[in-house]
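Given next are the chains, with one letter for each unit.
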Amino acid sequence: MIIEIILFIIVFTIILIFARLNYKKCNKSDEKIIFVFYVIIVSIPVIIYYLDLWNIPSKLNLTKNIDSQNWLNFLFTYSSTIVSSVIGVTASIYIAWTQIRKNNEDNEKRDKENLRVQNMPLLKYNIDTERKCKGDVSDLIITSTENGEPYELNFSFKNIGLNSIKNIIIDYESDVINSTYRLSGKNNVVSIEKGEEIESNHFLSLKLNSTSKMKLIVYYEDVLDNWYKQILNITYNASNKFKRGNYIGKVSYSVEKEERIEEGDINTSAI
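Being a predicted model, the structure only gives us computed values, none of them experimental. (Residues numbered from 1 in each chain as written. Predicted model: local features only at pLDDT ≥ 70, side-chain atom pairs only at ≥ 80, totals over all residues. Heavy atoms only, no water.)

Some thoughts on the overall build of the protein chain
Of regular secondary structure, the protein chain possesses four helices and 10 strands. In sequence order, the protein chain lays out its α and β elements as α-α-α-α-β-β-β-β-β-β-β-β-β-β. Over its C-alpha atoms the protein chain spans a radius of gyration of 37 Å, topping by over 25% the 18 Å that the globule rule assigns to 271 residues. Overall, the protein chain is about 120 × 40 × 30 Å in size when its C-alpha atoms are taken along their principal axes. Burial status across the protein chain gives 34% buried among its 271 residues. Across the protein chain, every contact between residues at least 6 apart in sequence was considered, and the portion connecting residues at least 24 apart equals 74%. Counting every atom, the protein chain has about 17200 Å² of accessible surface; 57% of that belongs to carbon and sulfur. Of the charged side chains in the protein chain, 32 are positive and 33 negative; the average position of the first set lies 1 Å away from that of the second. (Helix = DSSP H or I, 4+ residues; strand = E, 2+ residues; numbered from the N terminus. Rg over C-alpha atoms; globule rule 2.2 N^0.38 Å. Buried < 20%, exposed > 50% of the residue type's maximum accessible area, 1.4 Å probe, protein only. Contact = heavy atoms within 4.5 Å. Areas by Shrake-Rupley, 256 points an atom, 1.4 Å probe, with all protein chains shown as cover. Lys, Arg positive; Asp, Glu negative; His and termini not counted. Charge placed at Lys NZ, Arg CZ, Asp CG, Glu CD.)

What about the sheet that holds strand E3 (residues 149–159)?
Paired through their backbone hydrogen bonds, the strands of a sheet run either parallel or antiparallel. What the four strands build is an open sheet, ordered E1-E3-E6-E2; its pairing is mixed. Unpaired on one side and paired on the other, strand E1 (123–128) and strand E2 (140–141) mark the two borders of the sheet. As paired strands, E2 and strand E6 (residues 197–206) are joined by two bridges and run parallel to one another. Bridge pairing in E6 places isoleucine 141 opposite leucine 204. (Pairing = 2+ DSSP bridges.)

Brief notes about the layout of surface pockets
By volume, the second largest pocket amounts to about 230 Å³. Pro45, Ile48, Leu75, Phe76 and Ser79 are, among the 11 residues lining the second largest pocket, the residues nearest its centre. Looking at the lining of the second largest pocket, the elements with two or more residues in it are helix H2 (29–53) and helix H4 (68–118). (1 Å grid on protein atoms, 1.4 Å probe; cavity = no way out; pocket = protein on both sides within 12 Å on 5 of 7 lines; lining within 4 Å. Points joined across faces, edges and corners; volume = space filled by probe spheres on them.)

What about the pattern of salt bridges?
Evaluation of the coordinates by the stated rule reveals eight salt bridges. With its nearest N and O atoms 3.6 Å apart, the salt bridge here joins glutamate 108 to lysine 112. One end of the pair is glutamate 108 and the other is lysine 112, both in helix H4 and four residues apart, which spans about a single turn. For glutamate 108, a relative accessible area of 45% puts it in the partly exposed group. A residue is classified by how much of its surface remains accessible, and lysine 112, at 55% relative accessible area, is exposed. Note that aspartate 171 is salt-bridged to arginine 182, the shortest N-O span being 2.7 Å. Note that aspartate 171 is positioned in strand E4 (residues 165–174) and arginine 182 in strand E5 (residues 181–184), a separation of 11 residues in sequence. Each member of the pair, aspartate 171 together with arginine 182, is buried. Connected via shared salt-bridge partners are Glu113, Arg116 and Arg260. (Salt bridge = Lys/Arg side-chain N within 4 Å of Asp/Glu carboxyl O.)

Quick word on the nonpolar core
Residues Leu123, Phe157, Ile168, Tyr172, Leu216 and Val218 are the most contacted members of the largest nonpolar core, which totals 32 residues. At the level of elements, E1, E3, E4, E5, E6, strand E7 (211–222) and strand E8 (227–243) are the ones that each hand at least two residues to this core. When residues of this core are assigned to their parent elements, the largest contribution, five residues, is made by E8. When near neighbours in sequence (up to four residues on either side) are disregarded, leucine 216 contacts Phe155, Phe157, Ile170, Asp171, Tyr172, Leu183, Gln230, Ile231, Leu232 and Ile234. (Core = buried A, V, L, I, M, F, W, Y, C linked by side-chain atoms within 4.5 Å.)

Considering the side chain of threonine 180
Along the chain, the position of threonine 180 falls in the loop between E4 and E5. In this structure the side chain of threonine 180 is engaged in a polar contact, spanning 3.1 Å, whose partner is the side chain of glutamate 173. When residues no more than four places from it in sequence are discounted, the contact partners of threonine 180 are Asp171, Tyr172, Glu173, Asn267, Ala270 and Ile271. (Polar contact = N/O pair within 3.5 Å; in protein donor to acceptor, adjacent residues only side chain to side chain.)

Looking at a negative patch on the surface
Side chains of Glu256, Glu259, Glu262 and Asp265 sit close together on the surface and give a patch of like negative charge. Counting through the fold element by element, glutamate 256 comes out in the loop between strand E9 (246–255) and strand E10 (259–261). Judged by relative accessible area, which is 36%, glutamate 256 ranks as partly exposed. (Patch = residues over 30% accessible without salt bridge, like charges linked within 9 Å, V, L, I, M, F, W, Y side chains within 5 Å.)

Remarks on the packing of aromatic side chains
For any two aromatic rings, the description comes down to two numbers: the centre-to-centre distance and the angle of the planes. Under the counting rule described, the total for this entry stands at six aromatic pairs. Their ring planes at 80 degrees and their centres at 5.6 Å tell us that tyrosine 125 and phenylalanine 157 sit as a pair that is edge-to-face. Here tyrosine 125 is found in strand E1, whereas its partner phenylalanine 157 is found in strand E3, with 32 residues between them in sequence. Judged on exposure class, the residue tyrosine 125 and its partner phenylalanine 157 are both buried. (Phe/Tyr/Trp six-rings, centres within 6.5 Å; stacked < 30°, edge-to-face > 60°.)

Right, here's the structure in full:
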């Protein structure tokens, strides 16, 4: 008898520990309700077994004037029917709730994506080497070229998208510099309204008749706080053409497709 009681305590302790640990993992109220139902279903056969094992109904005089065997058969059939019904119903409800929740999440995700696309900026780029720079020190890109000639590199950015650009950051890389230059957006917030165009004019030292590979990395943020990254690959030919007091270079460039990024992906090492 003592061993049976100990086994009963052990079994129910295991069930309670299992129920407590897994109940905490249920994030949704429907999951918690279904989990409770299944714990009850698992516990009922154990309870009935020990009630019969210890003959508790007889000791409590609950089997007087009844056929205990028929009553046990009835309880068994009734319990089996209840258990199977509960399993079927809860499984159906769980599947239905899961599908509804998934549909709601998909709809919400689709709505957010549609809203993002409707407010997505689109940049039109132009690069030239005509003389525009005023020659300020802040416009200088320091290169590793020795005994080079001054050339200009001018960018224009026009927002032809559906909404404003909240913030734009422009980084410059090249095979003639040792680090990444932040041309715009280092210590200030630069925004571009819908249809607005801004310029960024710079000069640098290059060897005459040389060819340099350059890269412009543009980060920009829409009004919904989504960040994008777009790269311009530039080939700069430092020609010997001389016009209005300085050499004129020739550029060709290609624009890569923009990609959506997280704000934490923005390069923080640019100088």
